[in-house]
Amino acid sequence: METTKQSIPIAKPFLAKEEFQLVQTALESGWISQGPLVAQFEEDICRITQAKHGIATTSCTTALHLAMLIHDIGAGDDVICPSFSFIATANGIAHAGATPQFCDISPETMNISPDECRNIIEGNYDANLKNKKTGNKLKAILIVHQIGIPADVDAFNQIAKDFGIIILEDSACSIGSVYKGMPVGSSGNTSAWSFHPRKVITTGEGGMITLNDKDRAERARRLRAHGASISAHLRHQSASTMYEEYDEIAYNYRMTDMQAAIGIKQLERLDWIVSRRNEIASHYNSVFDKTSGIKRIIPKDYVTTWNYQSYPIMLEAATRDERDEVISKLDKAGITTRRGIPPIHKEGAYNKTSGEGLVLPYTERLSETVVFLPIFPSMTEEEVAYVASEVKAVIS
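My aim in this report is to walk through the structure given alongside it, one point at a time.

1. Observations regarding the packing of helix α5 (residues 114–124) against helix α6 (residues 153–163)
Two packed helices can be described by the angle between their axes and the distance between those axes.
Then step 1. In contact at an axis separation of 10 Å, α5 and α6 are set at 15° when each is read in the N-to-C sense. When the axes of α5 and α6 are compared, the pair comes out roughly parallel. Judged by the twist between their axes, the crossing of α5 over α6 is right-handed. Residues Pro-114, Cys-117, Arg-118, Ile-121 and Glu-122 of α5 pack against Ala-155, Phe-156, Gln-158, Ile-159, Asp-162 and Phe-163 of α6.
Then step 2. Its residues assigned to classes, the contact of α5 with α6 shows seven nonpolar, one polar and three charged.

Listed below in structure tokens is the structure:
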């Protein structure tokens, strides 16, 4: 195996001439803000996720914020969410004025644990779902399909039914993943999506809400556009003069047609992107399954398809310093990796509020022992083999 140093990034979006051509079309049309291509992108996402309504936004963070607002979640409310997630998960709750209550994960799935959620509700809330310490009302559980691995949606829907709360889904990483034969996002729960360059498809920056409730969808459309009762695109399409009204204070969370143009063409090759990521993961699996000291995620039976938005390995007996040494050695070999997801409850933004005194053993352990490896569709077979070989050599 050739050992000359390479330069392999952790991720790289796959962009082709079709994206550039449609962006040029958008520029030439004069619609460079939110317009017909955004509407098409929303329809395309709904077709793939089997949701009835899609509302494109500037990011998944703003999508999460709007998701809270359209479900009347705000000050005085609690939302349970995982700490093992990017901080935007909790920020989407906090932006609405609500309080995130952090829950541990299952180490086998890296996803929020249904059993731990149930324990939190039964232990920390009274019969009226009032927080025994703060008096806040529990309104929802925000589940995350971490790194594209579908969470057990049915288990959480049962919790929602048992306690009279709602389930929201942070689907930032999970486009193309399939749960029990159905695409993530098809559950009927309100979902928020990300199209950041680290995700499976990209629009540069961008996000979306998908849901089935028409009235909430209409409110989300107004809230993303300053509260305007009608969009600029609809006004321009109308044969008669139309004037918008503004009935509530809102936001500018609009995606542009230039971004949507990229997303439309990205979606056309989604199946190939997910397939290619699975091919790379299969090569990694074949090597790491025979490597002592490495443990990988083995999807549960309810996971029909994992899109492998990221590829994690767990260093079973490692300390945090040993994990960091592995990352350093791989970096010297030209392989870019990332540490395990930092626990939100340990971050300064939350460690004096929701996270104060909180211990989440699995979240904290995986944050110290997980390494994310390069995975992206344009990786060559030589690069995949090189990464696998170097990781094995460093660990062994």
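2. With respect to empty space enclosed by the protein
A probe as big as a water molecule, rolled over the atoms, marks out the empty space that is left.
Then step 1. Counting across every chain of the model gives three cavities of 30 Å³ or more.
Then step 2. Lining the largest cavity are Ala-11, Lys-12, Pro-13, Phe-14, Pro-197, Lys-199, Val-200, Thr-202, Gln-266, Ile-273, Arg-277 and Pro-377.
Then step 3. Taken together, the residues of the lining of the largest cavity sort by class into seven nonpolar, two polar and three charged.
Then step 4. A volume near 40 Å³ is recorded for the second largest cavity.

3. Brief notes about the nonpolar core
Then step 1. One finds Ile-80, Ile-141, Tyr-284, Phe-288, Tyr-311, Ile-313 and Val-391 to be the most contacted residues of the largest nonpolar core, which totals 62 residues.
Then step 2. Every element with two or more residues in this core is listed here: α5, β4 (137–144), α6, α10 (270–288), β12 (311–315), α11 (320–332), β14 (370–373) and α13 (381–395).
Then step 3. Looking at this core element by element, the count peaks at six residues for α13.
Then step 4. Setting aside its immediate chain neighbours within four residues, Ile-141 contacts Val-79, Ile-80, Ile-112, Cys-117, Ile-121, Phe-156, Ile-159, Ile-165, Ile-166, Ile-167 and Leu-168.
Then step 5. In terms of nonpolar packing, the next biggest core, distinct from the first, is built from 32 residues, Ile-73, Leu-211, Tyr-253 and Ile-344 among them.

Analysis parameters
Residues numbered from 1 in each chain as written. Predicted model: local features only at pLDDT ≥ 70, side-chain atom pairs only at ≥ 80, totals over all residues. Heavy atoms only, no water. Axes fitted to C-alpha atoms, helices over the stretch in contact; angles between N-to-C directions. Helix = DSSP H or I, 4+ residues; strand = E, 2+ residues; numbered from the N terminus. Parallel < 35°, antiparallel > 145°, perpendicular 65-115°, else oblique. Left-handed = near helix turned anticlockwise from the far one by under 90°. Contact = heavy atoms within 4.5 Å. Nonpolar A, V, L, I, M, F, W, Y, C, P; charged D, E, K, R; others polar. 1 Å grid on protein atoms, 1.4 Å probe; cavity = no way out; pocket = protein on both sides within 12 Å on 5 of 7 lines; lining within 4 Å. Points joined across faces, edges and corners; volume = space filled by probe spheres on them. Core = buried A, V, L, I, M, F, W, Y, C linked by side-chain atoms within 4.5 Å. Buried < 20%, exposed > 50% of the residue type's maximum accessible area, 1.4 Å probe, protein only.

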